[in-house]
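Survey of secondary and tertiary structure
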Amino acid sequence: SSCTPKPTATTNSEPSAAIEPGEVTIDNIIDNSSTFLGKTVTVTGEVQNVLNENAFALDDEDFAGDEFLLVLNSTPAENIQVGSRVQVTGTVRRFD
């Protein structure tokens, strides 16, 4: 299974649900997915694969493995290309 940050505009009133930028890496989310489920996170990574205008795979340049984060957008992402370095903010959800 993979973890999927689903980028959404959020007005989360629970400060404990957000994790500070810089504390989270793609590797951390993959290795400790249960810690991040339901939390709003911001990660930076390189686009490894564009599945369609609303979905792409994101990987950390420091993470050497077969796993990646699947990013699902509620609206089409503009100018997403393989090799692009992007930053996304969203809620981590399990994707089976």
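Since the model is a prediction, treat every value here as computed from it, not as a measurement.

1. Comments concerning the overall build of the chain
Each helix and strand in the chain was counted, giving 2 helices and 5 strands. Its helices and strands in sequence order give the chain the pattern β-α-α-β-β-β-β, from N to C terminus. Taking all 96 residues of the chain together, 36% fall into the buried category. At a minimum sequence separation of 6, the contacts of the chain that also span at least 24 residues come to 64%. As displayed, the chain offers around 5800 Å² of accessible surface, 43% of which is attributable to carbon and sulfur atoms.

2. So, the nonpolar core
Counting residues in hydrophobic clusters, the biggest one holds 15 residues, and the most contacted among them are I29, V43, F56, L58, L69 and V88. Mapped onto this core, the elements with two or more residues apiece are α1 (26–31), β2 (40–52), β3 (55–59), β4 (69–72) and β5 (85–95). In contact with V43, not counting residues within four places along its chain, are V24, T25, I26, I29, L58, L69, V86, Q87 and V88.

3. Thoughts on the confidence of the model for the chain
Scored by pLDDT, the chain has a mean of 76; 70% of the residues are at 70 or more. Within the chain, strand β1 (residues 2–6) has the poorest average pLDDT of any element, 53, and β2 the best, 90. Ignoring residues within four places in sequence, the model shows residues 7–16, a span with pLDDT below 50, making 12 contacts including any to other chains.

Calculation criteria
Residues numbered from 1 in each chain as written. Predicted model: local features only at pLDDT ≥ 70, side-chain atom pairs only at ≥ 80, totals over all residues. Heavy atoms only, no water. Helix = DSSP H or I, 4+ residues; strand = E, 2+ residues; numbered from the N terminus. Buried < 20%, exposed > 50% of the residue type's maximum accessible area, 1.4 Å probe, protein only. Contact = heavy atoms within 4.5 Å. Areas by Shrake-Rupley, 256 points an atom, 1.4 Å probe, with all protein chains shown as cover. Core = buried A, V, L, I, M, F, W, Y, C linked by side-chain atoms within 4.5 Å. pLDDT = per-residue confidence, 0-100.

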